[in-house]
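Below are the chains, spelled out letter by letter.
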Amino acid sequence: MLALDTKIFVAGHRGMVGSAIVRQLEASGHTNIITRTRSELDLTNQQAVVDFFQAEKIEQVYLAAAKVGGIVANNTYPADFIYENLMIQCNMIHSAHLANIQQLLFLGSSCIYPKLAEQPMKEAALLTGTLEETNEPYAVAKIAGIKLCESYNRQYARDYRSVMPTNLYGAHDNFHPENSHVIPALLRRFHEAKLNGDKEVIAWGSGKPMREFLYVDDMADASIHVMNLDKSTYDENTEPMLSHINVGTGVDCTIRTLVETVAKVIGFTGEVKFDPSKPDGAPRKLMNVERLKSLGWEHSISLGEGLTLSYQWFVNNQDKFRG
């Protein structure tokens, strides 16, 4: 059992996942959680990160810091995405090792898998095919993060683990009108349509593609669960060079079902239409979560419940997303 005064550093504590991890650690009674804003600690600055770890005597690290964005951002700034994420990961993992920190959890992304990976996507699909072109630089950085953890484990007997989440949503998500992901974009669009008294909302595509969504509090719970698994249990259920763990629900739904559920949650009573001239994207993206289930964790928040919680958070914080 992890002592409640264990000194834990959560990198990226202002982001959606990092903030959820901090909330759950605090709710569990942890009293020694260390955080730093970007202005206080630039994770792309190697010496600054080395100095921080040497001074703070951290015992456990959650690496939830990353440069993230949607398709447009990834296509527009590919150099920024690969450079900043590689630098953050290299500095954090190497500096943790230099400071003799034994436990670290790296948070990746489902985009690490090949574009045409067999569905549902198993951990073993990693590096078996070509990546999706639109976010290849980001995906390559995340793959490098997994391999950094594995390499320090193999060479220095560290206990650095990796989790790969499916599509996440929830409190502290990005609801910006131009560059948000599908759930926050839909929540905002239907909310505004309801306020404006619009008679219809048009959603992109046919509505047929299948997608999997995980509420961020479930992701935080899974991260803490994986971090604190007994090492022998973790090692028995993973492989030295295939050690990452998928995190998701193992259940997907059509975009049509998602859109209709969002409309219901918000109370939009107009008509919902789909524009099949707009792109659908991949027909299906579902994670195989059998490895995580075998380690004793399953999601607990349904899509309807999670959407309701997300909408409540958006309504309470929408002043942040004007524009």
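The structure contained in this document is the topic of the report that follows. (Residues numbered from 1 in each chain as written. Predicted model: local features only at pLDDT ≥ 70, side-chain atom pairs only at ≥ 80, totals over all residues. Heavy atoms only, no water.)

**What about the pattern of salt bridges?**
Applying the stated criterion across every chain yields a total of 11 salt bridges. Residues E56 and K7 are paired through a salt bridge, measuring 3.2 Å at the closest nitrogen-oxygen approach. With E56 in helix α2 (residues 46–56) and K7 in the segment before β1 (8–11), the pair connects residues that are 49 residues apart, well separated along the chain. Accessibility classification places E56 together with K7 in one group, the buried group. Residues D159 and R161 are paired through a salt bridge, measuring 2.9 Å at the closest nitrogen-oxygen approach. With respect to burial, D159 and R161 carry one shared label: buried. Shared partners join several salt bridges into a network, and the residues in it are K7, R36 and E56. (Salt bridge = Lys/Arg side-chain N within 4 Å of Asp/Glu carboxyl O. Helix = DSSP H or I, 4+ residues; strand = E, 2+ residues; numbered from the N terminus. Buried < 20%, exposed > 50% of the residue type's maximum accessible area, 1.4 Å probe, protein only.)

**Re the packing of aromatic side chains**
As enumerated under the stated definition, the model contains 9 aromatic pairs in all. An angle of 80° between the planes, with centres 6.3 Å apart, marks the rings of F81 and Y138 as edge-to-face. Of this pair, F81 sits in helix α4 (residues 78–98) while Y138 sits in helix α5 (residues 136–156), placing them 57 residues apart in sequence. The burial state of F81 is the same as that of Y138; both residues are buried. One aromatic cluster is present, built from ring pairs that chain together F9, F52 and F53. Against the face of F81 rests K67, its NZ or CZ located 5.2 Å from the ring centre. Between R161 and the ring centre of Y234, over which it is positioned, the NZ or CZ distance is 4.3 Å. (Phe/Tyr/Trp six-rings, centres within 6.5 Å; stacked < 30°, edge-to-face > 60°. Lys NZ or Arg CZ within 6 Å of the ring centre and 35° of its normal.)

**Quick word on the packing of helix α6 (residues 182–196) against helix α9 (residues 255–266)**
Packing of α6 against α9 leaves a shortest axis separation of 9 Å and a crossing angle of 45°. Classified by the angle between their axes, α6 and α9 sit oblique to one another. As α6 runs across α9, the sense of the crossing is right-handed. Where α6 approaches α9, its residues V182, I183, L186, L187, F190, H191 and K194 are matched on the opposing element by L258, V259, V262, A263 and I266. Taken together, the residues that form the contact of α6 with α9 break down as 10 nonpolar, 1 polar and 1 charged. (Axes fitted to C-alpha atoms, helices over the stretch in contact; angles between N-to-C directions. Parallel < 35°, antiparallel > 145°, perpendicular 65-115°, else oblique. Left-handed = near helix turned anticlockwise from the far one by under 90°. Contact = heavy atoms within 4.5 Å. Nonpolar A, V, L, I, M, F, W, Y, C, P; charged D, E, K, R; others polar.)

**Some remarks on the environment of E123**
Tracing the backbone shows E123 in the loop between β4 (103–107) and α5. Considering only alpha carbons, one finds E123 and Y113, 10 residues apart in sequence, at a separation of 8.4 Å. Each residue touching E123, except ones within four places of it in the same chain, is listed here: Y113, L242, H244, I245, N246, N288 and R291.

**Topic: the sheet that holds strand β3 (residues 60–63)**
Pairing within the open sheet is parallel, and its 6 strands lie in the order β2-β1-β3-β4-β5-β10. The open sheet terminates on both sides in strands that have one partner only, identified here as β2 (33–34) and β10 (245–247). Here β3 pairs with β4 via 4 bridges, running parallel. Its bridge partner lying in β4, Q60 is registered against Q103. The strands touched by α4 within the sheet are β1, β3, β4 and β5 (159–165), with β3 carrying the most contacts at an inclination of about 170°. The strands that helix α7 (residues 216–227) touches are β3, β4, β5 and β10; relative to β4, the one it contacts most, it runs at about 145°. (Pairing = 2+ DSSP bridges.)

**Observations concerning the state of the cysteines**
Inspection of every chain in the model, using the stated rule, returns 0 disulfides. Summary of cysteine pairing: C90 is not part of a disulfide, and the nearest cysteine sulfur, belonging to C149, is at 11 Å. (Disulfide = S-S within 2.5 Å.)

**Some words on the sheet that holds strand β11 (residues 253–254)**
Whether parallel or antiparallel, the strands of a sheet pair through hydrogen bonds between backbone atoms. Spatially, the 3 strands line up as an open sheet ordered β11-β8-β13, and their pairing is mixed. The outermost strands of the open sheet, each flanked by one partner alone, are β11 and β13 (284–285). Sheet analysis places strand β8 (residues 210–211) next to β13, joined by 2 bridges and oriented parallel. Paired with M210 across the strands is R284, a residue of β13.

**Digging into the environment of P279**
Counting through the fold element by element, P279 comes out in the loop between β12 (271–275) and β13. A relative accessible area of 59% means that P279 is categorised as exposed. Spatially, the C-alpha atoms of P279 and W204 are 7.1 Å apart, while their sequence positions differ by 75 residues.

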